[in-house]
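A look at the structure
Single-letter residue listing:
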Amino acid sequence: MILKMPLLDLREEDLQRGDLVLVDGMPLMVSWTETWEKVKQFQAASGDLLIATYPKAGTTWIQEIVDNVLNADNLNKCHRSPTHDRMPFLEFVLPRNIISGVDQLAAMKPPRVIKTHLPFHLVPKSFWEKNCKTIYVARNPKDNLVSYYHFSRMCKTMPEPGTWEQFFQTFLSGNVAWGSWYEHVKGWWNERNKQQILYLFYEDIKEDPGREIRKLLKFLGKEFLSEETVEEIVWRTSFDVMKENPDANYSSLQSIFDKSISPFMRKGTVGDWKSHFTVSQNEMFDEDYRQKMADTDLRFRFLLQRRQDA
Ligand code: A3P
């Protein structure tokens, strides 16, 4: 059963920008910590599929791709509800605890598709005890930062981002919700061969969505899907189509998102950071990146060579 978020129950005073507090060392909005113990105790079931990302890495995109793949026999099923009800967000909680991701998941019969932004070490242990599969998507940190900045401006319950210059520094310091981008992407990368984790990159999906969907099919044991279906999924999950899809574009969260500031489906490109970073910010970022990524073989692409709209 799908337990829908009762968004109409939200009051104006619920929509406040919260401060961050540390939960088990990870910064999180204070109002989200009410259900933290329940999140830690969450019991995954065998067959549950986890979608894990750092915020703004393309979560909603991969969720839509996964839902299309799992419902390839009847793609209209992907319109049964908006993203946040179809694939609950594990650690999410609406103000005053109106409903939480854990509540939504409790009402749903396994196997479920579950979204999380948690770093690997804070994911409830039951996922690994039950040998659940995880799809992790990482995005280059410059575009991730830009997207996070605009999202923080428009989402009324995120901490106040301040100016672009201020948020730039905050992101580098790691004092943002769900913590440091660097620790997140490296933490999951280090575990990818120890658990059933498919580690994907936003830039790769942008470059060749069909190729990445086929990787996903292999991971999920669904290689039998026809080329035609894969092409249809590529089309249905393209930026322009998702932007117009009320079940995939978060228009359902209009009380929480101020689209006059920035739309949720904002640009969906690789390299938008170039229109935000100053030359000196770019130099500072590159030096910081070099130091923080010195202990890993994980590599990112900051630009794509070919035209993205091809
Ligand atoms: P931008 O702000 O750079 O446009 P998340 O779902 O993790 O919050 O990530 C949101 C980011 O993914 C936004 O990036 C959004 O536009 C982008 N996105 C969502 N759907 C997409 C799609 N179908 N293709 C490309 N990018 C997409």
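Thresholds, definitions, all that
Residues numbered from 1 in each chain as written. Predicted model: local features only at pLDDT ≥ 70, side-chain atom pairs only at ≥ 80, totals over all residues. Heavy atoms only, no water. Helix = DSSP H or I, 4+ residues; strand = E, 2+ residues; numbered from the N terminus. Buried < 20%, exposed > 50% of the residue type's maximum accessible area, 1.4 Å probe, protein only. Near = heavy atom within 4 Å. Polar contact = N/O pair within 3.5 Å; in protein donor to acceptor, adjacent residues only side chain to side chain. Areas by Shrake-Rupley, 256 points an atom, 1.4 Å probe, with all protein chains shown as cover. Pairing = 2+ DSSP bridges. Axes fitted to C-alpha atoms, helices over the stretch in contact; angles between N-to-C directions. Parallel < 35°, antiparallel > 145°, perpendicular 65-115°, else oblique. Left-handed = near helix turned anticlockwise from the far one by under 90°. Contact = heavy atoms within 4.5 Å. Nonpolar A, V, L, I, M, F, W, Y, C, P; charged D, E, K, R; others polar. Phe/Tyr/Trp six-rings, centres within 6.5 Å; stacked < 30°, edge-to-face > 60°. Lys NZ or Arg CZ within 6 Å of the ring centre and 35° of its normal. Core = buried A, V, L, I, M, F, W, Y, C linked by side-chain atoms within 4.5 Å. Salt bridge = Lys/Arg side-chain N within 4 Å of Asp/Glu carboxyl O. Expected span 1.5 Å × (residues − 1).

This paragraph deals with the side chain of Ser262. Inspection of the secondary structure assignment puts Ser262 in the loop between helix H12 (239–243) and helix H13 (279–292). Since its relative accessible area comes to 4%, Ser262 is described here as buried.

A separate point is unusual backbone geometry. The omega torsion of the bond from Pro110 to Pro111 falls at 0 degrees, within 30 degrees of zero and hence cis. In this structure, Pro111 sits in the loop between helix H4 (101–106) and strand E4 (113–116). Phi is positive for Lys56, close to 75 degrees, though the residue is something other than glycine. Turning to its location among the elements, Lys56 is positioned in the loop between strand E3 (49–53) and helix H2 (59–70). On the accessibility criterion, Lys56 (13% relative accessible area) is buried. Of note, the phi angle at Asn131 is positive, near 60 degrees, even though the residue is not glycine. Tracing the chain through its elements places Asn131 in the loop between helix H5 (126–129) and strand E5 (133–138).

Turning our attention to the site of the ligand. Surrounding the ligand, one finds 18 residues, the nearest of these being Thr59, Thr60, Ser147, Tyr202 and Lys267. The side chain of Lys56 places a nitrogen or oxygen atom 2.8 Å from an oxygen atom of the ligand. Within the contact set of the ligand, an oxygen atom lies 2.7 Å away from a backbone nitrogen or oxygen of Lys267. In the complex, the protein chains occlude 97% of the 570 Å² of accessible area that the ligand would expose alone.

It is worth spelling out the pairing of E3 at this point. On a regular strand, one side chain projects to one face of the sheet and the next to the other, so that they alternate. Buried residues dominate E3, accounting for five of its five residues. In E3, alternate side chains face the same way, and those of Leu49, Ile51 and Thr53 on one face and Leu50 and Ala52 on the other are all buried. Summarising the sheet, E3 and E4 pair through four bridges and their orientation is parallel. In the strand pairing of E4, Ile51 is matched with Lys115.

Moving on, we come to the packing of H2 against helix H10 (residues 209–220). Taken N-terminus to C-terminus, the directions of H2 and H10 make an angle of 55 degrees; their axes are 11 Å apart at the nearest point. With respect to H10, the axis of H2 lies oblique. Where H2 crosses over H10, the handedness of that crossing is right-handed. Along the contact surface, H2 presents Ile65, Val66, Val69 and Leu70, while H10 presents Ile213, Leu216, Leu217 and Leu220. When grouped by side-chain class, the residues that make up the contact of H2 with H10 number eight nonpolar, no polar and no charged.

Before going further, it helps to examine the packing of aromatic side chains. Taken as a whole and judged by the stated rule, the model has 37 aromatic pairs. On the basis of an interplanar angle of 35 degrees and a centroid distance of 4.8 Å, the ring pair of Tyr136 and Tyr199 is categorised as tilted. You can see Tyr136 sitting in strand E5 and its partner Tyr199 sitting in strand E6 (residues 197–201), a full 63 residues away along the chain. A ring pair is formed by Phe151 and Phe264, whose centres lie 6.3 Å apart and whose planes are at 85 degrees; its orientation type is edge-to-face. Of the two residues, Phe151 is situated in helix H6 (residues 141–154) and Phe264 in the loop between H12 and H13; the sequence distance between them amounts to 113 residues. Looking at Phe264, the relative accessible area reads 16%, which means it is buried. Over the ring of Phe302 we find Lys142; its NZ or CZ atom is 4.8 Å from the centre of that ring.

The next thing to look at is the nonpolar core. Phe127, Trp178, Trp188 and Phe300 are the most contacted members of the largest nonpolar core, which totals 102 residues. Sort the elements by how many residues they give to this core and H6 lands first, with six residues.

For the structure shown, the criterion picks out 23 salt bridges. In this structure, Glu13 and Arg11 form a salt bridge, with 3.7 Å as the shortest nitrogen-oxygen distance. The class of Glu13 is partly exposed, set by a relative accessible area of 46%. One salt bridge in this structure joins Asp272 and Arg266, with 2.9 Å as the shortest N-O distance. Here the salt bridges do not stand alone but share partners, grouping Asp204, Glu207, Arg211, Glu212, Lys215 and Arg301 into one network.

Another point: H2. Look at H2: 16 Å from first C-alpha to last across 12 residues, which is about the 16 Å you get at 1.5 Å a residue. Counting buried positions over the 12 residues of H2 gives 11, a clear majority of the element. Those residues of H2 not exposed but buried are Thr59, Thr60, Trp61, Ile62, Gln63, Glu64, Ile65, Val66, Asp67, Asn68 and Val69.

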